[in-house]
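Architecture at a glance
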Amino acid sequence: MMNSDTALATGMFALPMIAMALFLFVWCLMGLIAFYLSSRARHGKSRGAFELERNARGLMLLKNWLSPAQLRSYEKHEYFEVVGGDSGVIYRIHHGKQANVEQLDGLGASVCAWCFVPEGDLVPGDVMLAQKIGLETNERAALAVAVKYLTLRSQSRGTHARPLSLVS
Amino acid sequence: MAIQIVMDRMGDTRHTFDAGDRIAVEKAKKRFMELTEAGFTAAVRTGPGEQRIIRSFDPSVEETLFHPRLVGG
């Protein structure tokens, strides 16, 4: 009789305790999940701001180094033209950071595209400025490392342009 | 004040120095040497939209831009 009373009393005490512990556990777990999600959102937001800032810095630097005509063209069309320092050939540098240099013929028609970029994870403004400096001051060296493409990537309708050496 | 602009993943990093300060000039020269030895190209503006490459440090240049080595994409 004593034992069953004790067991009953223990059960009446233990069950609410277990329920409370479970409730606390779930509450803490939800709090941790909410904290994790909000910190991820904060990190994403600051990363977005970081990307915007570094892109803006790159574009500001590029614009400071363009000629007035190149700047007008870039602001209107998102490309500008440079004259190769060695050959006099005209290249059109499109906004971008990969396979964005187009070689033009005397009539302004596209001949091919070139891909050469400065090493490292640089923003488009920096990439385009390095391409401009390379073509205008040391065209041969720039093209010596470049990969030649049949067309610009943006003109290949979403597919990757093939290097000219691979195009039959 | 003279400035050295180094392209990097932040967009660029700018180092200003007083061309009349011997210690600052030495520091700028050391930076120039280190960057060019690491493959960076140093360019200076010669007019609107015009530039030339320099191979040695010139303390009288007001603005020097360093871009990393060009590689095929």
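Residues numbered from 1 in each chain as written. Chains lettered and ligands numbered in written order. Predicted model: local features only at pLDDT ≥ 70, side-chain atom pairs only at ≥ 80, totals over all residues.

1. Considerations on helix H3 (residues 124-145) of chain A
Here H3 of chain A spans only 19 Å end to end across 22 residues, well under the 32 Å set by a 1.5 Å rise per residue. Taken as a whole, H3 of chain A carries its principal kink of about 130° at Asn138 of chain A. (Helix = DSSP H or I, 4+ residues; strand = E, 2+ residues; numbered from the N terminus. Expected span 1.5 Å × (residues − 1). Bend = angle between axes of the 7 residues up to and from the residue.)

2. Comments concerning the interface of chain A and chain B
Residue-level contacts link 32 residues of chain A with 21 residues of chain B. Those elements that provide at least two residues to the side of chain A that touches chain B are helix H1 (2-65), helix H2 (68-77), strand E4 (110-118) and H3 of chain A. For the side of chain A that touches chain B, the leading source of residues is H3 of chain A, giving 10 residues. Looking at the side of chain A that touches chain B residue by residue, the class counts come to 18 nonpolar, 8 polar and 6 charged. With 3 bridges joining them, E4 of chain A and strand E6 (residues 70-72) of chain B adopt antiparallel strand pairing. Residue pairing for E6 of chain B: Phe116 of chain A is matched across the bridge by Gly72 of chain B. (Contact = placed C-beta atoms within 7 Å. Nonpolar A, V, L, I, M, F, W, Y, C, P; charged D, E, K, R; others polar. Pairing = 2+ DSSP bridges.)

3. A look at the domain arrangement of chain A
Here chain A is partitioned into domain 1 (1-65) and domain 2 (67-166). Its residues assigned to classes, the side of domain 1 of chain A that touches domain 2 of chain A comprises 4 nonpolar, 2 polar and 2 charged. (Domains from an automatic or database assignment.)

4. So, the sheet that holds strand E3 (residues 41-47) of chain B
Residue and element names in this part refer to chain B. With mixed pairing, 5 strands are arranged side by side in an open sheet as E2-E1-E5-E3-E4. Each of the sheet's edge strands pairs with one partner strand only, and the pair in question is strand E2 (11-17) and strand E4 (50-54). Recorded for the sheet is a direction-independent mean angle of 30° between the axes of neighbouring strands. Pairing between E3 and E4: 5 bridges, direction antiparallel. Among the inter-strand pairings, Gly47 is bridged to a residue of E4, identified as Glu50. (Axes fitted to C-alpha atoms, helices over the stretch in contact; angles between N-to-C directions.)

5. Quick word on the pairing of strand E1 (residues 79-83) of chain A
Residues and elements named next belong to chain A. Only one face of E1 is covered, namely the face carrying Phe80 and Val82; the face carrying Tyr79, Glu81 and Val83 is uncovered. Where E1 and strand E2 (residues 90-94) come together, 5 bridges link them in antiparallel fashion. Note on E2: the bridge partner recorded for Phe80 is Ile93. (Buried ≥ 20, exposed ≤ 12 C-beta atoms within 10 Å, placed from the backbone.)

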